[in-house]
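Examination of the molecular architecture
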Amino acid sequence: MTTPRNFFLSLMVGDYAVFAALFVVSSGIGVFFAIKERKKASSKEFLVGGRQMSCGPVALSLTASFMSAVTVIGAPSDVYRYGASYVIFGVAYTFVVFLTAELFLPVFYRSGITSTYEYLELRFCKLVRVAATLIYIIQTILYTGVVVYAPALALNQVTGFDLWGSIFATGIVCTFYCTLGGLKAVVWTDAFQMVVMVVGFLTVLIQGASRAGGIESVWSTAHTGGRMDVFDFDVNPLRRHTFWTLSVGGTFTWLGIYGVNQSTIQRCISCKTEGHARWALYLNLLGLWIILFCAVVSGLIMYTFYSRCDPWSAGSVSAPDQLMPYFVMEILGAFPGLPGLFVACAFSGTLSTVAASINALATVTYEDFVSQCYRDLSNRAANWISKALCVVFGVACTTMAVAASYMGGIVQAALSIHGMCGGPMLGLFSLGILFPVTNLKGAVGGLIVGITLSFWVGVGAFIYPAPSNNTRPLELSTAGCNFNLTADGSNQTSVSVIIILRCLCLVFRYWLADSWYSMSYLYYSAVGFIGTVAAGLLITLLTGESNISLAHTDSNKTLRVIDCLTLKRTLVSLKGQCIQQKLMRTVISNKVILKGSYIHLFIHK
């Protein structure tokens, strides 16, 4: 392309028909499960599918939910600007799935809980559970706002696709099938939307590679433009993307999303067996790799296509997140229905993420608040309350989309939100599971320190953006464009309050802005995790360790500790009363040691 376009690349009737079909099928799945499960009026059936799901659809659902429109639109743009190092996220995904499947999943699945935060009450106290639930609710609503708003805005700016119409349509459809069909509808709709995402990506890859001159041309041009310099082993934590930030920082960020996140764990515990849940995670890893590969290659093809005339520098688009929709309209605009397929691909990611978020929010609110206040609810009442919560959070997530317009690039904004909240939550659960000595004061103090540190660096980085020598965007060319740049040599964009704030902050920039606030956004989660764990253990050391007793074994025996929250519930019920205070005596029988407010089952090999 040599001439930039400055007008809408409009969708046609066929495109809107394909897009509408996505919403119709998604809604239809919700109606199907509403009719099929109409006689199973219980909150457990609605929220966790009766714990009878198989690994296949759950794996597809997990992939679709977390490979959202942020990936479909934002990741190719990131590769276009910064290079193919984004592919190293695949290393982080591998570590994350392995740790989730082998470390966190067994604890949650065997405990029989529905809300992951119930574990925190059983391990520490109700205050910790409530605090963690509130943090999760805020985190998820914020993240969902980005996921809903970002693709709608990008498509609106490029194609004229109605902004608020698409936002409200997304919210209404997601709320509709979540409310009608519960988790089963969410999982099977996600599976369908995952297929749409892959087909949409493959369409772009095939036609894009053809228009760019073939795969060899893509490889050669990307290599010449520096996009193939994948492995940068610089250990500087201020660098935006290096091997270490993507692999180590990415692992902490995504482990907070996968390992202890209600949305993920809820679908895992909906599986009929722990084996199915573990297989769902590993099959999901394959899906993550496939989507990641498609996103990276799409970014390289897009760079090759625009290597001589960058539409962002030329003013054809006003933000990098609009590059992918603009590219799709360029290469697929002549084929009726295909641009609509990409729109459906992007919104499939949005729908799956929003639906999973609504369902998870309804679950934690019901389990952690409603059921604790009203313990004698009938199955019918509990089911209707769960549905009503889906409606409430559907409205909340849709409304929150407005605030996402102030969050900058969608990939960095989305992962920053997860990092700032997910890191401290990961640290809190790790204190409970990996460090039996941690007491209540350590858990509360560690969580406060972790949240403070992660939000300090995250909000500071938002106000004081990192200098270009840390982000290092690669060169973009306009040498082949037939146009005249504006007087300052760049495209003009509207001035917002945030831009003014940032300009003022640049004037008063101080030393923290070029050190602490310039840290890679992928390390926000690690900061929160380390702060939570370190402070939690230190406070525990100063105030006295937990009353949990560890058994002493002979040196020739291997000790294995298995979390046994279900056993605690059994013992509590046998006593005929709820244990509120700590059991100060240690009860020792062949394999069970019970002390404090927590139980470990010790098995000798």
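What counts and what doesn't
- Residues numbered from 1 in each chain as written.
- Predicted model: local features only at pLDDT ≥ 70, side-chain atom pairs only at ≥ 80, totals over all residues.
- Heavy atoms only, no water.
- UniProt positions renumbered as here; feature names shortened; annotations may be inferred.
- Helix = DSSP H or I, 4+ residues; strand = E, 2+ residues; numbered from the N terminus.
- Buried < 20%, exposed > 50% of the residue type's maximum accessible area, 1.4 Å probe, protein only.
- Contact = heavy atoms within 4.5 Å.
- Expected span 1.5 Å × (residues − 1).
- Polar contact = N/O pair within 3.5 Å; in protein donor to acceptor, adjacent residues only side chain to side chain.
- Salt bridge = Lys/Arg side-chain N within 4 Å of Asp/Glu carboxyl O.
- Core = buried A, V, L, I, M, F, W, Y, C linked by side-chain atoms within 4.5 Å.
- Axes fitted to C-alpha atoms, helices over the stretch in contact; angles between N-to-C directions.
- Parallel < 35°, antiparallel > 145°, perpendicular 65-115°, else oblique.
- Nonpolar A, V, L, I, M, F, W, Y, C, P; charged D, E, K, R; others polar.

By the naming in an unreviewed UniProt entry, the chain goes by Solute carrier family 5 member 12 and is assigned to Cyprinus carpio. The Sequence similarities (unreviewed entry) comment attached to the chain in UniProt states, word for word, "Belongs to the sodium:solute symporter (SSF) (TC 2.A.21) family." Recorded in UniProt for the chain, the comment headed Subcellular location (unreviewed entry) runs: "Cell membrane".

Before going further, it helps to examine the overall build of the chain. In terms of regular secondary structure, the chain is built from 22 helices and 4 strands. Classification of the 605 residues of the chain by burial places 57% in the buried group. The contacts of the chain with a sequence gap of at least 6 include a subset with a gap of at least 24, amounting to 87%.

A few words now on helix 4 (residues 69-82). With 14 residues, helix 4 extends 19 Å from end C-alpha to end C-alpha; this agrees with the ideal 20 Å at 1.5 Å per step. Most of helix 4 sits inside the fold, with 14 of its 14 residues counted as buried. Positive backbone phi, approximately 105°, marks glycine 83, located one or two places after helix 4.

This paragraph deals with the side chain of arginine 267. You can see arginine 267 is positioned in helix 11 (residues 262-269). Of note is the side chain of arginine 267, whose polar atom sits 2.5 Å from the side chain of serine 65.

Moving on: the pattern of salt bridges. Two side chains of opposite charge can pair, provided their charged atoms sit close to one another. Under the criterion given, the structure shown has 9 salt bridges. Of the charged contacts in the structure, one is a salt bridge between arginine 129 and glutamate 121, with a shortest N-O distance of 2.5 Å. Note on glutamate 121: relative accessible area 25%, which makes it partly exposed. Ionic pairing is found between aspartate 190 and arginine 267, a salt bridge with its closest N-O pair at 3.4 Å. Placement of the pair is aspartate 190 in helix 8 (residues 163-211) and arginine 267 in helix 11, with a sequence separation of 77 residues. Each member of the pair, aspartate 190 as well as arginine 267, carries the same accessibility label: buried.

Before going further, it helps to spend a moment on the nonpolar core. Ranked by size, the top nonpolar core spans 152 residues in total, and within it Leu120, Trp254 and Phe327 carry the most contacts. If you look at the next biggest cluster of nonpolar residues, it comprises 5 residues, including Val70, Tyr143, Val147 and Ile417.

Secondary-structure assignment places phenylalanine 108 in helix 5 (residues 89-111). By relative accessible area, phenylalanine 108 is classed as buried at 1%. Expressed as a C-alpha distance, the spacing of phenylalanine 108 and tyrosine 119, which sit 11 residues apart in the sequence, is 7.7 Å. Those residues in contact with phenylalanine 108 that sit more than four places away from it in its chain are Ile113, Thr116, Tyr119, Gly259, Ile265, Ile269 and Phe429.

Packed helices, taken two at a time, are described by the angle their axes make and the gap between the axes. Where helix 11 meets helix 15 (residues 338-373), the axes come as close as 9 Å, and the angle between the chain directions of the two elements is 85°. The angle between helix 11 and helix 15 places the two elements in the roughly perpendicular class. Listed contacts from helix 15 to Gln262, Ser263, Gln266 and Arg267 of helix 11 are Ala356, Asn359, Ala360, Thr363 and Val364. Within the contact of helix 11 with helix 15, the residues separate by chemical class into 3 nonpolar, 5 polar and 1 charged.

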